Amino acid sequence: MEWTPIWLSLKLAAITTLILLAIGIPIAYWLSRKSSLFKIIAEAILTMPLVLPPSVLGFYLLLSFSPNSPVGRWLLEYFNLSLVFSFEGLVVASVIYSLPFMISPVKSALAHLPPSLAEASYTMGKSRLTTFYRVLLPNIKSSLWTATVLTFAHTLGEFGVVLMIGGKLEGITKVASIAIYDAVDNNQYNEANQYSLVLFAITFVIVILVFIFNRNASRGPLE
Amino acid sequence: MITVKIDKKIKTYKGNSRLIVNAVFPVGTVTKVYGPSGAGKTTFLKIIAGLVTPEEGMIKAGEEFWLDTTTKINWKPQQRKVGFVFQDFALFPNMTVVEHLRYATDDEVLISRLLQIGQMATFSSHRPRFLSGGQQQRLAILRALALKPALLLMDEAFSALDDELRESLITEIKILLIEFGTTTIIVSHHAQETATFADRELKIDLE
């Protein structure tokens, strides 16, 4: 069994999760505040990857990233970057595909905090940013962990989008889930089983760690 | 002197009503605000704090206009910086008792004094979930006082305290309010709760 697909999967999941932590939390905060028609539409668009068949999402991303499309051409001309059949392309596709897994739990947790928490902080002269980092974020820690793990695990197991955007280039885009498919396709069931067991073990350990970490938070911060 | 003139639409179970208040609060006074449930007492406090904006109104604290809908002045809650004791306490679950006070002020002498007054020194490293209802309410009051506010707004702030503790706390708080020159507005349902605390009254009802 080659370890490269496993490392590629872990690398892809880690990078995607870090990017989504950086962009997903501010988006979740924005969505958790006063509702408007624009926000409802934005949330619906951001939730689409959750309900769309991965192959549909992958197909449209493939079209968008292709050098023949305006976006693909612009990326190639100005940044010398091709997102089709490249690891960078997998990262961008994974960020889009896993976006709702980061945003949804965080948004829901923020929306369920009593409004008086932020109000109390504002009346104490604290800015929205200080209130967010000192009061709101620490009180949704368990949801934040859940979102992080869901995003990581979801990226680790993604298949359809990865196959459409990246294909199965050895050492570049052939992640573990593709390697399993490839092994089965070539009647190498033993190899497929080894990859599957490793993926199963990794995700199981991650989920156990989250349960251990969240065991004290299971009562909720306000109980 | 705090001058308040507000007109705000409020939805009640009877339909739409209006909260109309015209009142003056002299510096250093403690005013009890009372009225039927759902009359908008909490909304009134939130309007003064800048957390809710009325359709029409003017709030003047000293020489400064915090709100004037005709000239579109509307200071943020951060600028008004009132002390606010919320009905649900609004304590931060992630912070200990002393961290709550340090979030409000870096004056360690004042923090020690407040912990003493609220009889909370023993619990200074406890988080809210490990405090009783009465202790949580005391912490909410101490946190508001830690700001040395020019205006203190209290929403049912003594409801979880027994008579003896409430009266001893009121005596200590009054000393602080005089020292800080704080004007206080307290919403309360129970006459006994504020009998020794408030020196003025204001009735609020919907129109």
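The model shown is predicted, which means the values in this text are computed figures rather than measured ones.

Thresholds applied
Residues numbered from 1 in each chain as written. Chains lettered and ligands numbered in written order. Predicted model: local features only at pLDDT ≥ 70, side-chain atom pairs only at ≥ 80, totals over all residues. Helix = DSSP H or I, 4+ residues; strand = E, 2+ residues; numbered from the N terminus. Buried ≥ 20, exposed ≤ 12 C-beta atoms within 10 Å, placed from the backbone. Contact = placed C-beta atoms within 7 Å. Nonpolar A, V, L, I, M, F, W, Y, C, P; charged D, E, K, R; others polar. Arc of directions from axis to C-beta. Pairing = 2+ DSSP bridges. Axes fitted to C-alpha atoms, helices over the stretch in contact; angles between N-to-C directions. Parallel < 35°, antiparallel > 145°, perpendicular 65-115°, else oblique. Left-handed = near helix turned anticlockwise from the far one by under 90°. Core = buried A, V, L, I, M, F, W, Y, C linked by C-beta atoms within 7 Å. pLDDT = per-residue confidence, 0-100.

1. Concerning the overall build of chain A
Right, so step 1: Along the backbone of chain A there are 11 helices and 0 strands.
Right, so step 2: Starting at the N terminus, the α and β elements of chain A follow one another as α-α-α-α-α-α-α-α-α-α-α.
Right, so step 3: In terms of overall dimensions, chain A has C-alpha extents of about 65 × 45 × 25 Å along its principal axes.
Right, so step 4: Counting the 223 residues in chain A, one finds 39% classified as buried.
Right, so step 5: Within chain A, counting contacts between residues at least 6 apart in sequence, those at least 24 apart form 73% of the total.

2. Regarding the interface of chain A and chain B
Right, so step 1: Facing 18 residues of chain A, the contacting portion of chain B comprises 17 residues.
Right, so step 2: Mapped by element, the contributors of at least two residues to the side of chain A that touches chain B are α6 (115–123) and α7 (128–136) of chain A.
Right, so step 3: Residue contributions to the side of chain A that touches chain B peak at 6 residues, all from α6 of chain A.
Right, so step 4: A class-by-class count of the residues in the side of chain A that touches chain B yields 9 nonpolar, 5 polar and 4 charged.

3. A short note on helix α3 (residues 97–104) of chain B
Each full turn of the α-helix corresponds to 3.6 residues, which orients residues three or four apart in the same direction.
Residues and elements named next belong to chain B.
Right, so step 1: Taken together, the buried positions of α3 are occupied by Val97, Val98, His100, Leu101 and Ala104. All buried residues of α3 lie within an arc of 155° about the axis, which places them on one face of the element.
Right, so step 2: As for α3, its buried residues are in contact with α4 (108–117) and α5 (133–145).

4. Section: unusual backbone geometry
All names here are of chain B.
Right, so step 1: Non-glycine residue Lys81 carries a positive phi angle of around 45°.
Right, so step 2: Turning to its location among the elements, Lys81 is positioned in the loop between α2 (77–80) and β7 (83–85).
Right, so step 3: With a phi angle near 50°, Ala90 is a residue other than glycine that sits in the positive phi range.
Right, so step 4: When you line up the elements, Ala90 lands in the loop between β7 and α3.

5. Observations concerning the sheet that holds β7 of chain B
All names here are of chain B.
Right, so step 1: The sheet built from 5 strands is open, its strands ordered β7-β8-β9-β3-β10 with parallel pairing. Bordering the open sheet on either side are β7 and β10 (200–203), each of which pairs with just one other strand. If you compare each strand with its neighbour and ignore which way they point, the axes differ by 15° on average.
Right, so step 2: Sheet topology note: the strand β8 (residues 151–155)/strand β9 (residues 183–187) ladder contains 5 bridges and is parallel. Bridge pairing in β9 places Asp155 opposite Val187.
Right, so step 3: Strand contacts of helix α1 (residues 41–49): β3 (30–34), β7, β8 and β9, with the helix running at about 155° to β8, the strand carrying the most contacts.
Right, so step 4: Relative to the sheet, α5 contacts β7 and β8, its axis offset from that of β7 by approximately 170°.

6. Considerations on the packing of helix α3 (residues 54–65) of chain A against helix α5 (residues 87–112) of chain A
Residues and elements named next belong to chain A.
Right, so step 1: The N-to-C vectors of α3 and α5 enclose an angle of 135°; their axes lie 11 Å apart at closest approach. One finds that α3 runs oblique with respect to α5. Helix-helix and strand crossings are classified by hand; for α3 and α5 the assignment is right-handed. Facing α3, whose interface residues are Pro54, Leu57, Gly58, Leu61 and Phe65, α5 presents Gly89, Ala93, Ile96 and Tyr97.
Right, so step 2: Tallied by class, the residues present in the contact of α3 with α5 amount to 7 nonpolar, 2 polar and no charged.

7. What to know about the nonpolar core
Right, so step 1: Val106 and Ile165 of chain A together with Ile48, Ala140, Leu153 and Ile186 of chain B are the most contacted members of the largest nonpolar core, which has 113 residues in total.
Right, so step 2: Sort the elements by how many residues they give to this core and α5 of chain A lands first, with 11 residues.
Right, so step 3: When residues no more than four places from it in sequence are discounted, the contact partners of Ile186 of chain B are Val30, Lys32, Val33, Met154, Ala157, Thr194, Phe197 and Ala198 of chain B.

8. Here we look at the confidence of the model for chain B
Right, so step 1: Confidence in the prediction of chain B, expressed as mean pLDDT, is 93, and 100% of residues score 70 or more.
Right, so step 2: Scored as a complex, the prediction yields pTM 0.86 and ipTM 0.93.

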